[in-house]
Amino acid sequence: MDRTRLGESIDAPSEDWECEAADADISNNDIPDTDIPETDTMIARAFLSGLCQGKSNAWCHLLEIWSPRLYSYASYNTYTEGDAQALLQRTFTLVMQRLIQGKVRLQNLSQLTVLLVSTLYQLILHYQQQFGIPLFDARRHQQPFDHLQQKFLDTLQQLTPAVQQMLLLRYLVGISVGELALITGYGIAAVVAILRAASLHFPPAKFR
């Protein structure tokens, strides 16, 4: 397959799989509060309510906050910029559908994080099952990486794919350990142990 036009020809998962990816085994009872504090509960709830009601200002704010981080994560895991953009767009579409249809009800911002990131995470796993896992190439990325970022991403490729995903989610996307456990399906103790073992491959400053 010509990967230069892959972004225009990604095989769409089945409808059932898309619902599974959007839910990512998340229900109202499955998402506990994690270690991210809610600095202003009233504002957070108003924001979540706006998303569920499909208000454009709420969704514009969500895209502004999350697009850069999720795009960086998607671009590392795909072959072309078009692929990353396609997966990112699909992620927001699936999340919007689930929220507006009332199939997922969120109580806090951490639950929103889990829903967003787990949706993209599942789409990326599906993508890589179809096309394989790409080797990192900084030339594919619009945003230049500084020396430490470049070293981190280069060293990352020495690790197993599962550990790579955990490190990217933790340090590139910036989610909490509790959220990472929910998204990947590992227990919190296992996540901590994996991150600790992986830190031996990197400069200590990266994992402070």
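Relevant structure appears above.
Residues numbered from 1 in each chain as written. Predicted model: local features only at pLDDT ≥ 70, side-chain atom pairs only at ≥ 80, totals over all residues. Heavy atoms only, no water.

**Student:** Break down the overall build of the protein for me, with residues and values.
**Tutor:** A count of helical and extended segments in the protein gives nine helices and zero strands. For the protein, the N- to C-terminal ordering of α and β elements is α-α-α-α-α-α-α-α-α. Considering the protein as a whole, with its 208 residues, one finds that 43% of them fall into the buried category. Surface accessibility of the protein: about 11100 Å² in total, with carbon and sulfur atoms responsible for 53%. (Helix = DSSP H or I, 4+ residues; strand = E, 2+ residues; numbered from the N terminus. Buried < 20%, exposed > 50% of the residue type's maximum accessible area, 1.4 Å probe, protein only. Areas by Shrake-Rupley, 256 points an atom, 1.4 Å probe, with all protein chains shown as cover.)

**Student:** Explain the packing of aromatic side chains residue by residue, including any values.
**Tutor:** Under the criterion given, the structure shown has two aromatic pairs. A centroid spacing of 6.4 Å and a plane angle of 40° characterise the contact between Tyr-79 and Tyr-127, whose relative ring orientation is tilted. Taken as a pair, Tyr-79 in the loop between α3 (56-76) and α4 (81-100) and Tyr-127 in helix α5 (residues 109-131) lie far apart in primary sequence, 48 residues in all. Looking at Tyr-127, the relative accessible area reads 1%, which means it is buried. Residues Tyr-127 and Phe-131 carry aromatic rings whose centres are separated by 5.0 Å and whose planes lie at 65° to one another, so their mutual orientation is edge-to-face. One end of the pair, Tyr-127, and the other, Phe-131, are both in helix α5, four residues apart, so they sit about a helical turn from each other. In this structure Phe-131 comes out as buried when scored by relative accessible area, which is 8%. An aromatic cluster is present here, built from Tyr-79, Tyr-127 and Phe-131 joined pairwise through their rings. Residue placement shows Arg-69 over the ring face of Trp-66; its charged tip is 4.0 Å from the ring centre. Arg-170 extends its terminal NZ or CZ atom over the ring of Tyr-171, reaching a point 5.6 Å from the ring centre. (Phe/Tyr/Trp six-rings, centres within 6.5 Å; stacked < 30°, edge-to-face > 60°. Lys NZ or Arg CZ within 6 Å of the ring centre and 35° of its normal.)

**Student:** Pulling in residues and values, what's your account of the nonpolar core?
**Tutor:** Among the nonpolar cores identified, the biggest contains 51 residues, and Leu-51, Leu-62, Leu-99, Leu-112, Leu-156, Leu-167 and Leu-169 are the most heavily contacted of them. Listing elements by their share of this core, those giving two or more residues are α2 (41-52), α3, α4, α5, α6 (147-156), α7 (161-173), α8 (177-184) and α9 (188-198). A per-element tally of this core places α5 first, with eleven residues. (Core = buried A, V, L, I, M, F, W, Y, C linked by side-chain atoms within 4.5 Å.)

**Student:** Describe the side chain of Glu-179, with residues and values.
**Tutor:** Mapped onto the elements, Glu-179 comes out in helix α8. Buried and without a salt bridge, Glu-179 has Arg-170 as its closest oppositely charged side chain, separated by 7.3 Å. Within polar-contact distance, the side chain of Glu-179 engages the side chain of Ser-110 at 2.6 Å. (Lys, Arg positive; Asp, Glu negative; His and termini not counted. Salt bridge = Lys/Arg side-chain N within 4 Å of Asp/Glu carboxyl O. Polar contact = N/O pair within 3.5 Å; in protein donor to acceptor, adjacent residues only side chain to side chain.)

**Student:** Describe α3, naming the residues involved and giving the relevant values.
**Tutor:** Here α3 spans 29 Å end to end across 21 residues, near enough to the 30 Å set by a 1.5 Å rise per residue. Of all bends in α3, the biggest is about 45°, found at Trp-66, and the proline Pro-68 comes one to four residues later. When we look at burial in α3, the residues that qualify are Ala-58, Trp-59, Leu-62, Trp-66, Ser-67, Leu-70, Tyr-71, Tyr-73, Ala-74, Ser-75 and Tyr-76. Elements that come into contact with the buried residues of α3 comprise α2, α4, α5, α6 and α7. (Expected span 1.5 Å × (residues − 1). Bend = angle between axes of the 7 residues up to and from the residue. Contact = heavy atoms within 4.5 Å.)

**Student:** So what about the environment of Leu-63? Which residues, and what values?
**Tutor:** Here Leu-63 is to be found in helix α3. Residue Leu-63 is classed as partly exposed on the basis of its relative accessible area, which comes to 35%. Linking Leu-63 and Phe-92, residues 29 residues apart in sequence, is a C-alpha distance of 8.3 Å. What Leu-63 contacts, discounting residues up to four positions off in sequence, is Pro-68 and Phe-92.

**Student:** Provide a residue-level description of the side chain of Gln-165, including the pertinent values.
**Tutor:** Relative to the helices and strands, Gln-165 is located in helix α7. The residues touching Gln-165, leaving out its near neighbours within four places in the chain, are Tyr-73, Asn-77, Tyr-121 and Gln-128.

**Student:** Describe the environment of Leu-94, and please don't skip the residues or the numbers.
**Tutor:** Position of Leu-94 among the secondary structure elements: in helix α4. For Leu-94 and Leu-115, which are 21 residues apart along the polypeptide, the C-alpha to C-alpha distance reads 9.9 Å.

**Student:** Explain α8 to me, using residue names and the numbers behind them.
**Tutor:** Counting buried residues in α8 gives seven out of eight residues, a clear majority hidden from the surface. Those residues of α8 that fall on the buried side of the exposure criterion are Val-177, Gly-178, Glu-179, Leu-180, Ala-181, Ile-183 and Thr-184. The secondary structure elements touched by the buried residues of α8 are α5, α7 and α9. Following α8 by one or two positions, Gly-185 has its phi on the positive side, about 90°.

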